[in-house]
Each structure stands twice: as C-alpha cells, then as structure tokens.
Amino acid sequence: MLDLQNIKTLKSDKIWFFRFKKFGEDYLITNDIAKYSFLTKGEFNDFIAWKLESGEKYDELLEKKFIKNNEYEWDMALAFAKKNQFLAYWPSLHIIVTSLRCNHKCQYCHAAVAPMTARDMDMTTDTAKKVVDTIFYTSNPNLTIEFQGWESLVNWDIVKYITEYAEIKASHLAKNVTFALVTNLTLMDEEKLKYLIEHNIYISTSLDWDEETHNFNRTFKEWNSFEKVTYWIKRINQEYEKRWLSQKVWALLTVTKKALPKYKEIIDTYVNLGLHGIFLRPLNPYWFAAADLKNLGYSSEEFVDFYKKSMDYILELNKKWINFSEMLSSIYLSKILTDKDPNYLDERSPCWACIWQVAYNYDGKIYSCDEGRMLARMGDYNFQMWEVGENAEDVYKNMINSDTTKTMVQASTLDWLPGYNDSVYKPYIWVCPIHSYKTTWNVIPNYSKDYKRLLDYAILDYIFEKLKNEEDKAVFKSWVLWIKNDFVVSQCELI
Ligand code: SF4
C-alpha cells in the first residue's frame, strides 16, 4: 500500500508537482511538461520521502524536472511555453465545405447528404471570395485551407477559384498557405490530378478495407467505389514518385463492426497499396442517426481489443522492416516522447475548435469545427460562430469574439475539469465538447460518463506498457520522426 503520510509530508521545495498512478507492479508518474517515468514501488516511496538523492533514477527525475535544482523554474517555464506554443496563434486550419452534394450514400452520413441534383447546395463564387477574405484576417502566418464537402470535387470550379485567390492573397500578405483536399476520389481525373499537384494540394481519402466492406459502408450506386478509390490511390502515388515528391495520399479508415475481426486484412490492404500508415478511427456519435449504431457500432471494449490487436500486428510488421504506423498512437507518442506538442488534429487543451480550426459552410455560415457544421445540418445551430459578410475584418473579429468561441475554449481546457486535471494522463489527453454535448447534452464533459476518455485511457495504457520494452520503444520513436515530417489534415473529414 502507498503510505499517504509520505505524500502529506512531501518535500515540495525539492519535488515538483506530479501526477501518478499504479501501473502493474510499478508507478507511472507524469508532469506538466508531459515527461514520464516508471518507478518501482521502492523507488516511488524513496522519491516522495526524499530518500532518493543520487543514482540513475535520481538523474533521470532531475533531467525530466520531477526534482528541482537551481535552474528549475527557468527551465520549466521554457519547457512549458514550448509545449503550449500553439496558444500564441489564431486559426490556422480553415475547412471550406464546397458543396453538400455527394455521389455516395455512406452508412455513417447518408442522412445528411444532399442529392447530386441539389445544385443550390454548392458554394457560390461570391461566398467563396468572402470566405477567403475572412480567412486572411487571421494573425497566423501559416494557413491550411482544407476542401471538404460532402464531396469536395462536386464543386471543382470553386476549389480552383479558392486556390488561386488564396495564392494571390498569401503572396500579397506574406503568409504561407497549404491546401488539402478531402475526397472520395470517384470524380478524380488526370486533369484534376495535374492541377492538384501543380498547386501543391495534398489529397486525403477514405478506405474502409476490402472491396466488400468498403462498398457496403460507402454505398455508391453508379460504379464500384473500392475499385475507383484504390485505382486513384495507386495512380496518385505513382505520379508523386515520378515527380520526386515524398508525400503519399492519406487514406482514413472508419472502424465499423464489420472491420473488427479483420484487422490483419485491413492493415495488409493499406500496406499493399504502399500507404505510410493507418488511422484507426472509432465511430463518432455525431456522424449518423442512432439507429445505425445497431448495424455499425460496437462497445468500447470491442474497439480497444481491435486497437490492441492491430497495434501488435503493426509492431510485428515494423520489426520485419515494414515501415508502417498508426496515426492516433503517433500523436500520443509525439506528446510523450518530444518536447513539443505536435498540435496535431484536435488533440490538445484547449481543443482546436474556433481558435485553431474553423469550418465555413457552403452558405457562408461559420462553425467551430467540421463537427459543429455537421450538427447544423441536422438542425442544431449551437456551434455556429458567425456568418461571412461584406466586411471581412468585422466578420473575423466577430467570429473570434463569439460566445461559441468562449464556450468551446472553456469547455475543452483540461486545467479546470475535475477528474481530467488530476489524471496521470492529463498531459496527453483532450476532451471534445461536441462529443460531450452529443452524448450527455452538456458541452462540459462528465468524467465518469465520458466514453471517449475510456478509449483514450485504454490506448494510453497500451502505449505506456509497450514503452517499457526497448524494441517497441525504438519502433515508436521512428513514428514520431515520421509524423513531424508529414502534413496536417484534420480528423474531421467524412468523405
Ligand atoms: S475536439 Fe470536438 S469540438 Fe474540438 S475541434 Fe474537434 S470535433 Fe470540434
């Protein structure tokens, strides 16, 4: 048993604030700059009783700022600022929904998709210009414009208009702009591909494993969706290689019930297509009507089992020199093993909503993030920030100062949230106000009912267990390097 008296008499002039939990026979401790250490029970008791005054473990804890020295405050302030430097910037990721039309009727989102005949649900040139004008008022010098839709290529002329107008604005205003296109690839052709490569537009798509599962999940009456998407993944990667470009098409898997027993086949499909890695995304409650859960859904235990088996298999492949990684774990690993937060996807405190990511709908309405925009499609406008207008500067100021912005920042900042703030995993986790809202009708997450947290904790337990093994840790370290060099696309795509 842990001696609570030791904790009460902890020497706070020598030992800085840390969080801990029992981890098997050992203790896992973490601090506010996301450093971690495993201590045996004896080491832990010596540490908190201040009997650990020299040796290897002492040196490690000193270096990781669990133990104070003379430079402690200065070093800690710098390290903390580095970890949270994303807070110095305003929105960088601007998602533009070019159309609500889509040629698919996927199982996860068919209720919200507009038919191909609904041309009034395309973004107009006038709205697109106002959107771009608003975007360029951000103080952030680095912007990513991500084209989404329901299918972004349906409104190709607007994709081109926005790209070219944003390129001109970026050169006049000395900002860096990167583009990403989220597409189901069924409307791709050689001319579009040439344009996308020439304008440096990264491509992201969805691939739900083998032909049968992909075509079941992603219903497409006109052609075979799987054939189209795999053809274009190969073709685009071939073109990148021909032009000596290091990037690859990004493909995302949405895990449905059908996928659970087939983790090996799924990963092999991705490897055989020459892809860098996979993102094992669980289903989200805002993607589809609850009725679909019966056919597509699973319990958190089932997902965790699937995740662990997939990860074991991916580690096995890496040990056979097959370079392949899992995206969600790579994000956690970057937080755990590097001095900088990767600021990748929404996974930070506060989350990206409103202050890093903004979603502009086809009609000019502006939302906290793509999930907020999706809820509006279902008639819930709670996450709208503002709407584009004639004066882009005013629009920008109003959206940034909106009540939605303030609510989302407060609801996703872990420091004041009971349970989350005390957790040993606090430096690595994040909360999603929209997930909380959709599952409990409150944007403030409820620690004990937070299903997403249970998944996050199970994944982190797995990762920390593997970090105890030097061979696995070496593989994980290579993923961290890889993530630093790749491009950023939001997790919010549903294509
Ligand atoms: S974490 Fe949730 S609320 Fe925050 S940006 Fe992502 S989807 Fe939106």
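Keep in mind it's a predicted model, so treat the numbers as computed, not measured.

Visitor: Go over the pairing of strand β6 (residues 142–148), please, and point to the residues and values.
Guide: The buried fraction of β6 amounts to six of the seven residues, a majority that puts the element mostly inside the structure. In this structure, strand β4 (residues 93–97) lies alongside β6, joined through five bridges in parallel fashion. Each residue of the ladder has a partner; that of I95, found in β6, is E146. For β6 and strand β7 (residues 176–182), the ladder comprises six bridges, and the chain directions are parallel. Counted as the bridge partner of F147 is L181 from β7. In this fold, the crossover linking β6 to β7 by way of helix α6 (residues 156–173) has right-handed handedness.

Visitor: Residues and numbers for the side chain of D26, please.
Guide: Tracing the backbone shows D26 in strand β2 (residues 26–30). Judged by relative accessible area, D26 falls into the buried class, the value being 18%. At 3.0 Å, the side chain of D26 and the side chain of K468 are in polar contact. Setting aside anything within four residues of it in sequence, one finds D26 in contact with K21, L39, T40 and K468.

Visitor: With reference to specific residues and values, describe helix α5 (residues 125–135).
Guide: Burial analysis of α5 places eight of its eleven residues in the buried class, the great majority of the element. Taken residue by residue, α5 has T127, A128, K130, V131, V132, D133, T134 and I135 as its buried positions. Residues of α5 that are buried sit in contact with β4, β6, α6, β14 (357–360) and α15 (392–400).

Visitor: Account for the sheet that holds β2, naming residues and giving values.
Guide: Strand order in the open sheet made by the three strands is β1-β2-β3, with antiparallel pairing throughout. Two strands close off the open sheet at either side, each with one partner strand: β1 (19–23) and β3 (36–39). The sheet shows a mean angle of 20 degrees between the axes of neighbouring strands, taken without regard to direction. As paired strands, β1 and β2 are joined by five bridges and run antiparallel to one another. Following the sheet pairing, F23 is matched in β2 by D26.

Visitor: Tell me about helix α18 (residues 451–467), and please be specific about residues and values.
Guide: Taking 1.5 Å per residue, 17 residues should reach 24 Å; α18 reaches 25 Å between its end C-alpha atoms and fits that length. Counting buried positions over the 17 residues of α18 gives twelve, a clear majority of the element. Turning to α18, its buried residues number three or more, namely K452, R453, L455, D456, Y457, A458, I459, L460, Y462, I463, F464 and L467. Between the side-chain oxygen at the start of α18 and the backbone nitrogen of K452 there is a gap of 3.1 Å, and the oxygen is on D450.

Visitor: So what's going on with the site of the ligand? Residues and values would help.
Guide: Taken together, the neighbourhood of the ligand is formed by D346, C351, A353, Q357, C369, E371, M408, C432, P433 and I434. Its residues assigned to classes, the shell around the ligand shows seven nonpolar, one polar and two charged.

Visitor: If you had to explain the environment of I96 to someone new, which residues and values would you point to?
Guide: Tracing the chain through its elements places I96 in strand β4. If near-sequence neighbours (up to four positions away) are discounted, I96 is found in contact with M123, V131, I135, I145, E146, F147, Q148, I162 and Y360.

Visitor: Residue-level account of the pattern of salt bridges, with values.
Guide: Summed over the entire model, instances satisfying the criterion amount to 30 salt bridges. Where D305 meets K309, a salt bridge forms, and the shortest distance between an N and an O atom there is 2.9 Å. Taken as a pair, D305 and K309 lie in helix α12 (residues 300–319) at a separation of four residues, close to a single helical turn. Residue D305 is classed as partly exposed on the basis of its relative accessible area of 39%. Connected via shared salt-bridge partners are E190, R235, E239, K242 and R243.

Visitor: With reference to specific residues and values, describe the sheet that holds β7.
Guide: The sheet built from nine strands is open, its strands ordered β12-β10-β8-β7-β6-β4-β14-β15-β16 with mixed pairing. The open sheet terminates on both sides in strands that have one partner only, identified here as β12 (280–281) and β16 (384–387). Note that strand β10 (residues 250–254) and β12 share two bridges and pair parallel. Bridged to T254 within β12 is R281. Its contacts with the sheet put α6 on β4, β6, β7 and β8 (201–206), and the angle it makes with β7 is roughly 165 degrees.

Visitor: Describe the domain arrangement of the protein, and please don't skip the residues or the numbers.
Guide: Interface size, as often reported, equals the accessible area lost upon joining of the parts. Each domain of the protein was delimited in the assignment, giving domain 1 (4–83) and domain 2 (89–495). Once you take the C-alpha centre of each, domain 1 and domain 2 turn out to be 36 Å apart. Where domain 1 packs against domain 2, one counts three salt bridges. Put simply, K35 and D339 hold a salt bridge, and the shortest N to O gap is 2.9 Å. Linking domain 1 with domain 2 are eight residue pairs in polar contact (both at pLDDT 80 or more), by the criterion used here.

Visitor: Help me get a handle on the packing of aromatic side chains, residues and values and all.
Guide: Under the counting rule described, the total for this entry stands at 29 aromatic pairs. Through a chain of ring-to-ring contacts, the aromatic side chains of F23, Y36, F38, Y420, Y425, Y428, Y447, Y457 and F464 assemble into a single cluster. Between the NZ or CZ atom of K258 and the centre of the ring of F216, over which it lies, the distance is 5.1 Å. In this structure, R373 packs its charged tip against the face of W150, placed 4.5 Å from the ring centre.

Visitor: Which residues make up the environment of Y381, and what are the values?
Guide: Secondary-structure assignment places Y381 in the loop between α14 (370–377) and β16. Judged by relative accessible area, which is 48%, Y381 ranks as partly exposed. The sequence separation of Y381 and Y462 amounts to 81 residues, and the corresponding C-alpha distance is 38 Å. If we skip the residues at most four places from it in the chain, Y381 touches Y367 and A376.

Visitor: For the nonpolar core, give the residues involved together with the corresponding values.
Guide: By size, the foremost hydrophobic cluster in this structure holds 136 residues, and its most contacted members are Y425, I463 and F464. When residues of this core are assigned to domains, at least three fall in each of domain 1 (4–83) and domain 2 (89–495). For F464, the contacting residues outside a window of four places in its chain are F23, L28, Y36, F38, I336, Y425 and Y428. If you look at the next biggest cluster of nonpolar residues, it comprises 14 residues, including F47, L52, Y58 and I67.

Rules of the game
Residues numbered from 1 in each chain as written. Predicted model: local features only at pLDDT ≥ 70, side-chain atom pairs only at ≥ 80, totals over all residues. Heavy atoms only, no water. Buried < 20%, exposed > 50% of the residue type's maximum accessible area, 1.4 Å probe, protein only. Helix = DSSP H or I, 4+ residues; strand = E, 2+ residues; numbered from the N terminus. Pairing = 2+ DSSP bridges. Right-handed = clockwise from strand over helix to strand, strands pointing away. Polar contact = N/O pair within 3.5 Å; in protein donor to acceptor, adjacent residues only side chain to side chain. Contact = heavy atoms within 4.5 Å. Axes fitted to C-alpha atoms, helices over the stretch in contact; angles between N-to-C directions. Expected span 1.5 Å × (residues − 1). Near = heavy atom within 4 Å. Nonpolar A, V, L, I, M, F, W, Y, C, P; charged D, E, K, R; others polar. Salt bridge = Lys/Arg side-chain N within 4 Å of Asp/Glu carboxyl O. Domains from an automatic or database assignment. Phe/Tyr/Trp six-rings, centres within 6.5 Å; stacked < 30°, edge-to-face > 60°. Lys NZ or Arg CZ within 6 Å of the ring centre and 35° of its normal. Core = buried A, V, L, I, M, F, W, Y, C linked by side-chain atoms within 4.5 Å.

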